[in-house]
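A look at the structure
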Amino acid sequence: EADIYQTPRYLVIGTGKKITLECSQTMGHDKMYWYQQDPGMELHLIHYSYGVNSTEKGDLSSESTVSRIRTEHFPLTLESARPSHTSQYLCASSGPDRVIPTDTQYFGPGTRLTVL
Amino acid sequence: GDSVTQMEGPVTLSEEAFLTINCTYTATGYPSLFWYVQYPGEGLQLLLKATKADDKGSNKGFEATYRKETTSFHLEKGSVQVSDSAVYFCALIFTGGFKTIFGAGTRLFVKA
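For the structure given in this document, a descriptive report is provided here. These numbers come from a predicted model, not from an experiment.

Calculation notes
- Residues numbered from 1 in each chain as written.
- Chains lettered and ligands numbered in written order.
- Predicted model: local features only at pLDDT ≥ 70, side-chain atom pairs only at ≥ 80, totals over all residues.
- Heavy atoms only, no water.
- Buried < 20%, exposed > 50% of the residue type's maximum accessible area, 1.4 Å probe, protein only.
- Helix = DSSP H or I, 4+ residues; strand = E, 2+ residues; numbered from the N terminus.
- Pairing = 2+ DSSP bridges.
- Contact = heavy atoms within 4.5 Å.
- Buried area = accessible area lost by both parts, 1.4 Å probe.
- Salt bridge = Lys/Arg side-chain N within 4 Å of Asp/Glu carboxyl O.
- Polar contact = N/O pair within 3.5 Å; in protein donor to acceptor, adjacent residues only side chain to side chain.
- Nonpolar A, V, L, I, M, F, W, Y, C, P; charged D, E, K, R; others polar.

Overview of the pairing of strand β2 (residues 11-14) of chain B
Residues and elements named next belong to chain B. Every second residue of β2 is oriented toward a common face, the buried set being Val 11 and Leu 13 and the non-buried set Thr 12 and Ser 14. In terms of strand pairing, β2 meets strand β12 (residues 106-111) through four bridges, oriented parallel. Of the residues in β12, the one forming a bridge with Leu 13 is Val 110.

Quick look at the sheet that holds strand β1 (residues 4-7) of chain A
Residue and element names in this part refer to chain A. Taken together, the four strands give an open sheet; going across it, the order is β1-β3-β8-β7, and neighbouring strands pair in antiparallel fashion. For this open sheet the edge positions go to β1 and β7 (65-66), each flanked by a neighbour on one side alone. By the bridge criterion, four bridges tie β1 to strand β3 (residues 19-25) in an arrangement that is antiparallel. The partner of Gln 6 across the bridge, within β3, is Cys 23.

Looking at the interface of chain A and chain B
Counting from both sides, the interface comprises 30 residues of chain A and, opposite them, 22 residues of chain B. At the boundary of chain A with chain B, total buried surface from both sides reaches about 1,900 Å², with 56% on carbon and sulfur atoms. Linking chain A with chain B are one salt bridge, by the criterion used here. A salt bridge links Lys99(B) to Asp59(A); the nearest nitrogen and oxygen atoms lie 3.0 Å apart. Run the count over chain A and chain B and you get seven residue pairs in polar contact (both at pLDDT 80 or more). When contributions to the side of chain A that touches chain B are tallied by element, the ones reaching two or more residues are β4 (31-37), β5 (44-49), β9 (87-96) and β10 (103-107) of chain A. A per-element tally of the side of chain A that touches chain B places β10(A) first, with five residues. Tallied by class, residues from the side of chain A that touches chain B come to 15 nonpolar, eight polar and seven charged.

Below you can see the structure in the form of structure tokens.
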């Protein structure tokens, strides 16, 4: 079982607020990811990280920022939330499987963000 | 570029029906292939995977076989249950690669 956690699970905030979505994993994976997803729809990669002090923008442009100061922690920040940011945000990490040395991506439970 | 194509949903079945969700891929090599499942309000869970041609991944009654000749990885289950209602994502990654490429997802509804 994957050990990757996201908090909060649900967040409703007003326009203009600064928010940070937390993501932590206990698997020691170097690679971590943030996806944006309308519920049940296609995944859009917005940020990823190869390891500590490495962050890259993904395929979908996002106004959010990320940091990677520790291996296990990959928080996402929105400086000024807007209604267009309303979505589900999924964090993931990947590393070799215990049995087969092929990277497998594991997901957290997601944060459902609503900006009023 | 590399890509994954899944059949469009929603797929609606009665309980105990046979399920097939088609997945084909385009890749310039030999990727590992995955199926993920997403239940309402949750993240994606790894359902099964296969790492080389002719490998069969299986879990919870679901199966998929890596077919290199048809570049396919169709998901099947012999008898679906209401609890299988979810969105299913097919995906690929290359060994040593970084990004997993996901299909658009197929929503499954199972009626009692």
